[in-house]
Amino acid sequence: MENLSIAWFEISVVVSLTTAIVAVLQMLRSRSYRRTIELRTAKRSLEAHYDAVDDIVNDPALPDSAREMIVNFTEVLSNRELCRQFVSHFMSLGNAKFKEGPTPVWAADMDKLRRSRPDLVERFRTAQSSGLVTIFLRWQDNAPKFYEFSAEIAANQKRGTQIADQVSRLKKTSANGKNDKAPHGTLAIPC
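Residues numbered from 1 in each chain as written. Predicted model: local features only at pLDDT ≥ 70, side-chain atom pairs only at ≥ 80, totals over all residues. Heavy atoms only, no water.

Peer 1: How should the packing of aromatic side chains be read in this particular structure?
Peer 2: Aromatic ring pairs are reported here in terms of the distance separating the ring centres and the angle at which the planes meet. On inspection of all chains with the given rule, the structure shows four aromatic pairs. Relative to Phe146, the ring of Phe136 has its centre 6.3 Å away and its plane inclined at 55 degrees; by these criteria the two rings are tilted. Of this pair, Phe136 sits in helix α5 (residues 118-137) while Phe146 sits in helix α6 (residues 146-155); the two residues are ten residues apart in sequence, bridging distant segments of the chain. Taking the relative accessible area as the measure of exposure, Phe136 reaches 0% and is therefore buried. (Phe/Tyr/Trp six-rings, centres within 6.5 Å; stacked < 30°, edge-to-face > 60°. Helix = DSSP H or I, 4+ residues; strand = E, 2+ residues; numbered from the N terminus. Buried < 20%, exposed > 50% of the residue type's maximum accessible area, 1.4 Å probe, protein only.)

Peer 1: I keep staring at helix α2 (residues 64-77) and nothing clicks. Help me out?
Peer 2: Every α-helix carries 3.6 residues per turn, so stepping three or four residues along brings you back to the same face. Helix length check: α2 (14 residues) gives 20 Å between terminal C-alpha atoms against 20 Å at 1.5 Å per residue, within 8%. Within the span of α2, buried status applies to Ala66, Arg67, Met69, Ile70, Asn72, Phe73, Thr74, Val76 and Leu77. (Expected span 1.5 Å × (residues − 1).)

Peer 1: Would you mind showing me how to read the environment of Phe149 here?
Peer 2: Looking at the element boundaries, Phe149 is found in helix α6. Beyond its immediate sequence surroundings of up to four residues, Phe149 is in contact with Phe90, Leu132, Phe136 and Ile163. (Contact = heavy atoms within 4.5 Å.)

Peer 1: Help me understand the side chain of Asp59 in this model?
Peer 2: Assignment of secondary structure puts Asp59 in the loop between α1 (2-56) and α2. With sequence-adjacent residues up to four places away left out, Asp59 is seen in contact with Arg67, Arg117 and Leu120.

Peer 1: Would you mind showing me how to read the confidence of the model for the protein chain here?
Peer 2: The predicted coordinates should not be examined in detail at positions where pLDDT is low. Chain-level pLDDT for the protein chain is 81 on average; 84% of the residues reach the 70-or-more range. In this model residues 174-191 is a low-confidence stretch, pLDDT under 50, and it forms 37 contacts with partners more than four residues away in sequence or in other chains. (pLDDT = per-residue confidence, 0-100.)

Peer 1: Just to check I follow, could you spell out the nonpolar core for this structure?
Peer 2: One broad trend across soluble globular proteins is that nonpolar side chains are buried collectively. The biggest cluster of nonpolar side chains holds 40 residues, and the ones touching the most others in it are Phe86, Phe124 and Ile135. When contributions to this core are tallied by element, the ones reaching two or more residues are α1, α2, α3 (80-92), α4 (105-113), α5, α6 and α7 (157-170). Per-element tally for this core: the top contributor is α5, with nine residues. (Core = buried A, V, L, I, M, F, W, Y, C linked by side-chain atoms within 4.5 Å.)

Peer 1: Please clarify how the pattern of salt bridges should be interpreted in this entry.
Peer 2: Opposite charge on two side chains permits them to pair, given that their charged atoms come into close proximity. Using the criterion set out here, one finds ten salt bridges in the structure. Across the pair Asp55 and Arg123 runs a salt bridge whose closest N-O atoms are separated by 2.8 Å. A residue pair is termed long-range when its members are at least 10 positions apart, and Asp55 in helix α1 and Arg123 in helix α5 qualify at 68 residues. Residue class for Asp55 comes out partly exposed when judged on its relative accessible area of 47%. Residue classification places Arg123 among the partly exposed residues on the basis of a relative accessible area of 26%. Arg117 is the salt-bridge partner of Asp59, the closest N and O atoms lying 2.8 Å from each other. Taken as a pair, Asp59 in the loop between α1 and α2 and Arg117 in the loop between α4 and α5 lie far apart in primary sequence, 58 residues in all. (Salt bridge = Lys/Arg side-chain N within 4 Å of Asp/Glu carboxyl O.)

Peer 1: I tried to follow the side chain of Ser130 on my own but got confused; where do I start?
Peer 2: Looking at the element boundaries, Ser130 is found in helix α5. Residue classification places Ser130 among the buried positions, given a relative accessible area of 7%. If near-sequence neighbours (up to four positions away) are discounted, Ser130 is found in contact with Ser45, Ala48 and His49.

Peer 1: Any chance you could explain the packing of α4 against α5 here in plain terms?
Peer 2: How two helices pack is summed up by the angle between their axes together with the distance between the axes. Interhelical geometry of α4 versus α5 gives an angle of 145 degrees and a closest axis separation of 8 Å. Contacts between α4 and α5 pair Trp106, Met110, Asp111 and Leu113 from the former with Pro118, Leu120, Val121, Phe124, Arg125 and Gln128 from the latter. Of the residues assigned to the contact of α4 with α5, the class counts are seven nonpolar, one polar and two charged. (Axes fitted to C-alpha atoms, helices over the stretch in contact; angles between N-to-C directions. Nonpolar A, V, L, I, M, F, W, Y, C, P; charged D, E, K, R; others polar.)

Take a look at the structure:
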């Protein structure tokens, strides 16, 4: 009888360990699958961003203010630390009530262009929105925050303009981490 108890115990241990290993492998597989989807999405977004930028940046109808904004914005996309800083600051705002601030010059210039060159405005918006998706999904530590960001943008389109404007200003961050256009070296994203 004692041998049967020992055998049953050994079988229970083996089954428990096997179950735990299978559960861990499933969890790792799920994470890997999710990350693969995030990276594919980031790749498509980055391609859409660069295609749109290529279409608009040399167009003489694009206002200089919008050109400067989108060039700065594009440079931020390749800097992991600036993207991390932006995401971190954006998430630190939590559910703070949105305050409508002054319209950035580039946004006002693009609004003026809407009637005469809707195609250019649309390509500009594509560059802007696909770049924002890239900021969140390109690096693994930013990706989980993408869902909150998406809800924020869906709730208020003007908020998206302000966020894109802030990203374009990140390039101007000095070596000591201060942004010349933000108070006290912080990211000045209106909330």
